[in-house]
Amino acid sequence: MLNNFKITGKLTIGFGIVLALFGVAVFFSWQSISAVQSDVQYLQKVVDNTVKIAVELTNQIGFIRAGVRDLKFSESDEDIDKMTNYLSSLRTILERGKSMYAQDPSLSALSNLAEMENIIRNTESTFAKATQMIRTKRTVSATLVTEIDKMITLLESVIDMQYKITIQNLKTNLEGHDYETDINRIRSVEDLRTQFAIVARNYAIAMWYRDAKMMNDVTQQIVNGENAYNRFYENTTYKEVKDVMNAGRGAFGTLKAGFADVLNSFTQTEPAFAALLADGLNLVNIANKITDAGTQRIVDLSQGAHDALGSTMTLVISLAVVAIIIGIGIALYIAKSISAPLGRVVEICKEASNGEMAVTYSDFGYEGKDELGNLGEALTEMFASLS
C-alpha cells in the first residue's frame, strides 16, 4: 500500500508514527506526573493538618500534666488560671482537628479525636471539682487559722488574768488561801496556750505537705486541748476567768468541724489529682496514636508517589525504546523500498549498455505509483524509442 505514496509521504508517515509514539509517552507521563503531584499535595496536607494537630496536642497535654503537678503542690489561683487556659487551648485544638476531619474524612488519623474528646470532658469535670474543693479548703483553712489565733489570744488574756489575780491575792495576804493552786492554774493555762501554739504549727506543716495523717494528729490535739480547756474552766473559781473562757468554748465545735472538712478535702483531692494525671497520660497515648497514624500515612503516600514516579519512568523509557525500534524498522523499510527498485534500474541500464534494449515496465519488478514507478515508466519509454 505504501508503494502508492510519494517518497516524502512515506517519510512523513514514518516520522509521524514515531512522533505519535512519543506523544503517547508524553501523555502517559503527564498523567502519571499529575497523579504524583496530587499525592504530594495531599501529603503536604496530611503534614500540615494531621501531624501539626498531633504536635500541638502533645505540647498542650504536656503543659496540662505539668500544670496538674504545680496545682497539686501550690493550690494557688495562679495555677488554677493556668490550668483553665491550658484546658481551653486543648479544647480549641481538638475542635479544629474535628473540623478538619469532618471536611476531609481521608485524614483518618484524626478519627482518634473522638476518643480524646471523652477524656478531655472527664478532665474538665474532674478539674472543676478539684478547683471547688481547693477553694473550699482554702476558705475553711483561713477560718481555722483565725479561730486558732483567737484561742491563743484568749488563753493569753486568761494567763494575764491569772497573774493579776495571784498577785492581788499575794498583796492582800489572805489567810488560809492556797497560793500554790493559783500558781498551778497559771502553769496549766500556759501549757494550754503552748498546746494551741503547737496545734497552729502542726496545722501549717500538715497543710504544706498535704499530710492527711498529720492532719488527723492535729485533730486529736484539738480534742485533747478541748478536754484540758474544759477541765480548767470547771476547776477555776474566778468568775471573770470563767466569763472569758466561756466565750471561747464554742470555738472548739468550729475547729473540729473545720478540721474534718479539711481532712475530707485531702481524701478527695488526692484521687482527683491522680485522675487528672491518669487522664493526662491517656491523652498522651492518644496523641501518640494520632502521630503514629499520621506518620504511617505519610510513609504510605511517599511510597506510593515513589512507586508511581518509578512506573512513569519505566513507561516513558519503554515507549521511547519502542518508538526507536519502530522508527528504525520504518527507516529500514523505506530505505529498502527505495534501494531495491533503484538497484534494478542500475541492472537494466547496464544491460542496455550492452545492446539489450528490449525492456518492458514489468522488468523493473516494481508496480508503485511513486517517483520510482514514474522512473521505471520513463526508462521503458526511452529504451523503446532507442530500439
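Here, the structure is the one placed above.
Okay, so let's go over this structure. (Residues numbered from 1 in each chain as written. Predicted model: local features only at pLDDT ≥ 70, side-chain atom pairs only at ≥ 80, totals over all residues. Heavy atoms only, no water.)

As a further point, take the overall build of the protein. Assigned secondary structure in the protein consists of eight helices and zero strands. Beginning at the N terminus, the succession of helices and strands in the protein can be written as α-α-α-α-α-α-α-α. Taking all 387 residues of the protein together, 36% fall into the buried category. Considering only contacts in the protein between residues 6 or more positions apart, those separated by 24 or more positions represent 77%. Here the protein has roughly 21,400 Å² of accessible surface; of this, 60% comes from carbon and sulfur atoms. (Helix = DSSP H or I, 4+ residues; strand = E, 2+ residues; numbered from the N terminus. Buried < 20%, exposed > 50% of the residue type's maximum accessible area, 1.4 Å probe, protein only. Contact = heavy atoms within 4.5 Å. Areas by Shrake-Rupley, 256 points an atom, 1.4 Å probe, with all protein chains shown as cover.)

On to unusual backbone geometry, then. Negative phi values dominate among residues other than glycine, just as trans dominates among peptide bonds. For glutamate 75, which is not a glycine, the phi torsion comes out positive at approximately 55°. According to the relative accessible area criterion, glutamate 75 is buried, its value standing at 10%. Even without being a glycine, arginine 210 presents a positive backbone phi close to 55°. Within the secondary structure layout, arginine 210 lies in the loop between α4 (179-209) and α5 (212-235).

Nonpolar side chains collect at one region of the surface, where Phe73, Ile205, Trp208 and Tyr209 lie side by side and expose about 490 Å² of accessible area between them. Ranked by residue count, the leading element in the nonpolar patch is α4, at three residues. Among the structural elements, phenylalanine 73 can be located in helix α1 (residues 7-74). (Patch = residues over 30% accessible without salt bridge, like charges linked within 9 Å, V, L, I, M, F, W, Y side chains within 5 Å. Salt bridge = Lys/Arg side-chain N within 4 Å of Asp/Glu carboxyl O.)

This part is about helix α2 (residues 77-103). Relative to the 39 Å expected for 27 residues at 1.5 Å per residue, α2 spans 39 Å between its end C-alpha atoms, a close match to the ideal helical length. Taken together, the buried positions of α2 are Asp79, Ile80, Met83, Leu87, Leu90, Arg91, Ile93, Leu94, Gly97 and Met100. (Expected span 1.5 Å × (residues − 1).)

Applying the stated rule across the entire model yields five aromatic pairs. Centroid distance phenylalanine 73 to tryptophan 208: 5.6 Å. Interplanar angle 80°. Geometry classified as edge-to-face. Placement of phenylalanine 73 in helix α1 and of tryptophan 208 in helix α4 is noted, with a sequence separation of 135 residues between them. Residue classification places tryptophan 208 among the exposed positions, given a relative accessible area of 52%. (Phe/Tyr/Trp six-rings, centres within 6.5 Å; stacked < 30°, edge-to-face > 60°.)

Turning our eyes to something else, we now look at the pattern of salt bridges. Pairs can form between side chains of opposite charge once their charged atoms are near each other. According to the stated counting rule, one finds 20 salt bridges in the structure shown. With its nearest N and O atoms 3.7 Å apart, the salt bridge here joins glutamate 95 to lysine 98. Pair noted here: glutamate 95 and lysine 98 are both in helix α2, with a separation of three residues, about one helical turn. By relative accessible area, which is 36% here, glutamate 95 ends up partly exposed. The shortest N-O distance in the salt bridge between glutamate 226 and lysine 256 comes to 2.9 Å. Placement of the pair is glutamate 226 in helix α5 and lysine 256 in helix α7 (residues 251-353), with a sequence separation of 30 residues. Connected via shared salt-bridge partners are Arg91, Glu95, Lys98, Glu117, Arg121 and Glu124.

To continue, consider the nonpolar core. Core analysis: the largest hydrophobic core is formed by 35 residues, its most contacted members being Phe196, Met215 and Phe259. Residue assignment for this core shows that the elements contributing at least two residues are α3 (113-172), α4, α5, α6 (239-249) and α7. Element by element, the count of residues in this core is highest for α3, at 11 residues. If we skip the residues at most four places from it in the chain, methionine 215 touches Tyr203, Ala206, Met207, Phe259, Val262, Leu263 and Phe266. With 30 residues, the next largest nonpolar core counts Leu94, Leu110, Leu113 and Leu276 among its residues. (Core = buried A, V, L, I, M, F, W, Y, C linked by side-chain atoms within 4.5 Å.)

Time to look at the environment of serine 99. Along the chain, serine 99 turns up in helix α2. On the accessibility criterion, serine 99 (34% relative accessible area) is partly exposed.

Structurally, threonine 269 can be placed in helix α7. According to the relative accessible area criterion, threonine 269 is buried, its value standing at 3%. Each residue touching threonine 269, except ones within four places of it in the same chain, is listed here: Met133 and Lys137.

Turning next to the side chain of threonine 236. For threonine 236, the location among the structural elements is in the loop between α5 and α6. Looking at threonine 236, its side chain comes within polar contact range of the main-chain nitrogen of tyrosine 238, at 3.4 Å. Other than its neighbours up to four places away in sequence, threonine 236 contacts Gln162, Arg185, Val241 and Lys242. (Polar contact = N/O pair within 3.5 Å; in protein donor to acceptor, adjacent residues only side chain to side chain.)

This paragraph deals with the packing of α3 against α4. Between α3 and α4, the least distance of the axes is 9 Å, while the angle of their chain directions is 165°. Between α3 and α4, the interaxial angle falls into the category roughly antiparallel. With respect to the hand of their crossing, α3 and α4 are arranged in left-handed fashion. Of the residues contributing to the contact of α3 with α4, the split by class is 21 nonpolar, four polar and six charged. (Axes fitted to C-alpha atoms, helices over the stretch in contact; angles between N-to-C directions. Parallel < 35°, antiparallel > 145°, perpendicular 65-115°, else oblique. Left-handed = near helix turned anticlockwise from the far one by under 90°. Nonpolar A, V, L, I, M, F, W, Y, C, P; charged D, E, K, R; others polar.)

What follows is about the environment of asparagine 285. Looking at the secondary structure, you find asparagine 285 in helix α7. Using a relative accessible area of 38% as the deciding quantity, one classes asparagine 285 as partly exposed. For the pair asparagine 285 and methionine 116, spaced 169 residues apart in sequence, the C-alpha separation works out to 9.5 Å.

What follows is about α4. Relative to the 45 Å expected for 31 residues at 1.5 Å per residue, α4 spans 45 Å between its end C-alpha atoms, a close match to the ideal helical length. Inspection of α4 places Asp182, Arg185, Ile186, Val189, Leu192, Phe196, Val199, Asn202, Tyr203, Ala206 and Met207 among the buried residues, and these make up the whole buried set. Looking one or two residues past α4, arginine 210 carries a phi angle of roughly 55°, positive in sign.

Any functional reading would require information beyond the geometric quantities listed.
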